[in-house]
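Notes for the structure review
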Amino acid sequence: MGVAGSPRCHGNTDILIERALKGAYEGGADVELVRLRDLSIEHCQGCNCCFDAGECRIDDDMSHLYQSLDEADVIILASPVYFSGLSSLMKQMIDRCQCLWARKEVLGARIGGLGRTGALISVGGQNPPAFNNSISVVKSYFNSIDVEYRAEMLVPAVDEKGEIMNHPAILTKAYDMGVSLVTELR
Ligand SMILES: Cc1cc2nc3c(=O)[nH]c(=O)nc-3n(C[C@H](O)[C@H](O)[C@H](O)COP(=O)(O)O)c2cc1C
């Protein structure tokens, strides 16, 4: 499963996650790409209602996403660097997974199957951008949903829309990351 967290259509994040999922698909996986900008997702309200049964009381596009996040063997999150962190689209999705955190930490359940892995793709315009904040949030998130942080692809100094197309070696690395994440599962 790939989650694309840039508001910019056909931008660098979109291109990289699409390459990674192409690799995963050609490596033998069933793939799903979710573009967060196309979904309607409310903010977490911090109501803690999810502590009772591990379910979020907000009825929006997260309902489908919870199921996908639960079923995925591999989750790749892709976000541009925005003010030295994840995009707000990505952070909002992560915050709404508080109910999965509650399932695990409050109710003692496992999230998903055994051996789940994940990766972060991030692209920033500066050289070097601050990737550390995003890495830290994604590691914390993956830990909460029983996903092992297995790989990362951090791309500096790519700013213009679609500029990543000028870097064929990076595109190949994204494809290869997709292949290896699924072949490692076997
Ligand atoms: C609101 C905003 C904040 C940004 N903040 C940073 C930043 O802190 N560091 C950085 O290196 N690039 C920053 N950038 C540049 C983007 O990371 C860069 O343009 C990236 O290629 C965008 O990816 P996309 O094409 O997938 O949207 C920012 C861009 C925007 C629009």
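Please refer to the structure higher up on the page.
Scope of this entry: the structure provided in the associated data block. Note that this is a predicted model, so its numbers are computed, not measured.

1. Brief notes about the overall build of the protein chain
Secondary structure summary: the protein chain contains seven helices and five strands in total. Along the protein chain, from the amino end to the carboxyl end, the secondary structure elements read β-α-β-α-α-β-α-α-β-α-β-α. The C-alpha atoms of the protein chain give a radius of gyration of 16 Å, which matches the 16 Å a tight globule of 186 residues would have. Its C-alpha atoms put the protein chain at 50 × 35 × 25 Å along the principal axes. The proportion of buried residues among the 186 residues of the protein chain is 40%. Contacts in the protein chain between residues far apart in sequence, at least 24 positions, make up 80% of those at least 6 positions apart.

2. Focus on the site of the ligand
Taken together, 18 residues sit near the ligand, with Gly-11, Thr-13, Gly-124, Gln-126 and Pro-129 positioned nearest. Class assignment for the residues of the shell around the ligand results in seven nonpolar, eight polar and three charged.

3. Details of the environment of Ala-151
Within the element layout of this structure, Ala-151 appears in strand β5 (residues 148-155). Exposure remark for Ala-151: the 18 C-beta atoms within 10 Å place this residue in the partly exposed category. The spatial distance from the C-alpha of Ala-151 to the C-alpha of Val-31 is 18 Å, given a sequence separation of 120 residues. When residues no more than four places from it in sequence are discounted, the contact partners of Ala-151 are Ala-119, Met-177 and Leu-181.

4. Overview of the sheet that holds strand β2 (residues 33-35)
Within a sheet, each strand pairs with its neighbour through backbone hydrogen bonds, oriented either parallel or antiparallel. Spatial ordering of the open sheet is given by β2-β1-β3-β4-β5, a layout of five strands whose pairing is parallel. The sheet is open, and its two edges are formed by β2 and β5, each paired on a single side. Shown here is a sheet whose adjacent strand axes are inclined to one another by a mean of 15°, direction ignored. Note that strand β1 (residues 2-4) and strand β3 (residues 74-80) share three bridges and pair parallel. Looking at β3, one finds that Ala-4 is bridged to Ala-78.

5. Re helix α7 (residues 168-183)
Over its 16 residues, α7 extends 23 Å from the first C-alpha to the last, a length consistent with the 22 Å expected when each residue adds 1.5 Å. For α7, the full list of buried residues reads Ala-174, Tyr-175, Met-177, Gly-178, Leu-181 and Val-182. With its buried residues spanning 150° around the axis, α7 presents them on a single face. For α7, the exposed residues set more than 90 degrees away from the buried face come down to Pro-168, Ala-169 and Thr-172. On its buried face, α7 sits against α1 (12-26), β3, β4 (117-123) and β5.

6. Let's talk about the pairing of β4
Burial analysis of β4 places six of its seven residues in the buried class, which makes it a mostly covered element. The sheet contact formed by β3 and β4 spans seven bridges and is parallel. Within β4, the position partnered with Ala-78 by the bridge is Ile-121. Taken together, the seven bridges between β4 and β5 define a ladder with parallel strand orientation. Note on β5: the bridge partner recorded for Gly-118 is Tyr-149. You can see the chain leave β4, run along helix α6 (residues 132-144) and come back into β5, and the turn it takes is right-handed.

The rules behind each value
- Residues numbered from 1 in each chain as written.
- Predicted model: local features only at pLDDT ≥ 70, side-chain atom pairs only at ≥ 80, totals over all residues.
- Helix = DSSP H or I, 4+ residues; strand = E, 2+ residues; numbered from the N terminus.
- Rg over C-alpha atoms; globule rule 2.2 N^0.38 Å.
- Buried ≥ 20, exposed ≤ 12 C-beta atoms within 10 Å, placed from the backbone.
- Contact = placed C-beta atoms within 7 Å.
- Near = placed C-beta within 6 Å.
- Nonpolar A, V, L, I, M, F, W, Y, C, P; charged D, E, K, R; others polar.
- Pairing = 2+ DSSP bridges.
- Axes fitted to C-alpha atoms, helices over the stretch in contact; angles between N-to-C directions.
- Expected span 1.5 Å × (residues − 1).
- Arc of directions from axis to C-beta.
- Right-handed = clockwise from strand over helix to strand, strands pointing away.

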